[in-house]
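Listed below are the residues making up each chain.
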Amino acid sequence: PAFAAALLDRYRMPRPRLALGEALLAHASATMDISDGLVGDLRKLCLAAGAGARIEASAVPLSAASRAWLALRPDSLEAVLTGGDDYEILATVPPGNADAFVAAAGAAECPVSVIGEITAGDDPVPVVQGPDGAPMHFTRLSYAHE
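Residues numbered from 1 in each chain as written. Predicted model: local features only at pLDDT ≥ 70, side-chain atom pairs only at ≥ 80, totals over all residues. Heavy atoms only, no water.

Caption draft 1: Looking closely at the packing of helix α1 (residues 2–12) against helix α4 (residues 64–72). Two elements in contact, α1 and α4, have axes whose closest approach is 9 Å; the angle formed by their N-to-C orientations is 125°. In terms of orientation, α1 lies oblique with respect to α4. As for how α1 packs across α4, the hand of that crossing is left-handed. Residues F3, A6 and L7 of α1 lie in contact with α4, whose contacting residues are A64, A65, S66 and A68. (Axes fitted to C-alpha atoms, helices over the stretch in contact; angles between N-to-C directions. Helix = DSSP H or I, 4+ residues; strand = E, 2+ residues; numbered from the N terminus. Parallel < 35°, antiparallel > 145°, perpendicular 65-115°, else oblique. Left-handed = near helix turned anticlockwise from the far one by under 90°. Contact = heavy atoms within 4.5 Å.)

Caption draft 2: Up close: the nonpolar core. Core analysis: the biggest nonpolar cluster contains 17 residues, and L38, L42, I55, L81, L90 and V128 have the highest contact counts within it. Those elements giving two or more residues to this core turn out to be α3 (38–49), β2 (52–56) and α5 (77–82). Ranked by residues supplied to this core, first place goes to α3 with 5 residues. Those residues in contact with L81 that sit more than four places away from it in its chain are G37, L38, V39, A57, V60, V128, M136 and F138. (Core = buried A, V, L, I, M, F, W, Y, C linked by side-chain atoms within 4.5 Å. Buried < 20%, exposed > 50% of the residue type's maximum accessible area, 1.4 Å probe, protein only.)

What follows is the structure in structure tokens.
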């Protein structure tokens with residue numbers, strides 16, 4: 001019940017990470033919100049950049065409630081990675097800016113996580129490595145506004 005309440009609270013009262021703004025302006029090459037799901041929104045970013053991406057599912061930061069849910073229902077990882085209403089920030093930071101970005105985010109008391117990399121190529125669908133290292137395949141990439 002406590003984890004369900006925490007997830008419902010986060011859904012009803014998003015907490016945008018506004019404190020990260022200056023660090024993003026100083027160090028990121030691209031940024032966007034994740035509101036329709038990580039994988040689908042990353043695809044949108046890749047489409048705009050004419051690039052691809054690779055992310056590691058195990059590197060995606062999750063709340064304690066989400067981790068508890070996945071411990072009970074490991075088959076829900078797709079929903080966690082492609083569902084909407086995350087209200088987090090997705091950013092690309094050139095490797096030469098990464099340390100300074102992480103330091104600036106820490107100074108703003110807004111921790112960040114490296115979950116993957118932008119790759120060369122024209123396939124905008126991100127390659128997501130599952131916890132076992134194998135590529136994951138999704139029935140949908142994000143929430144669809146219909």
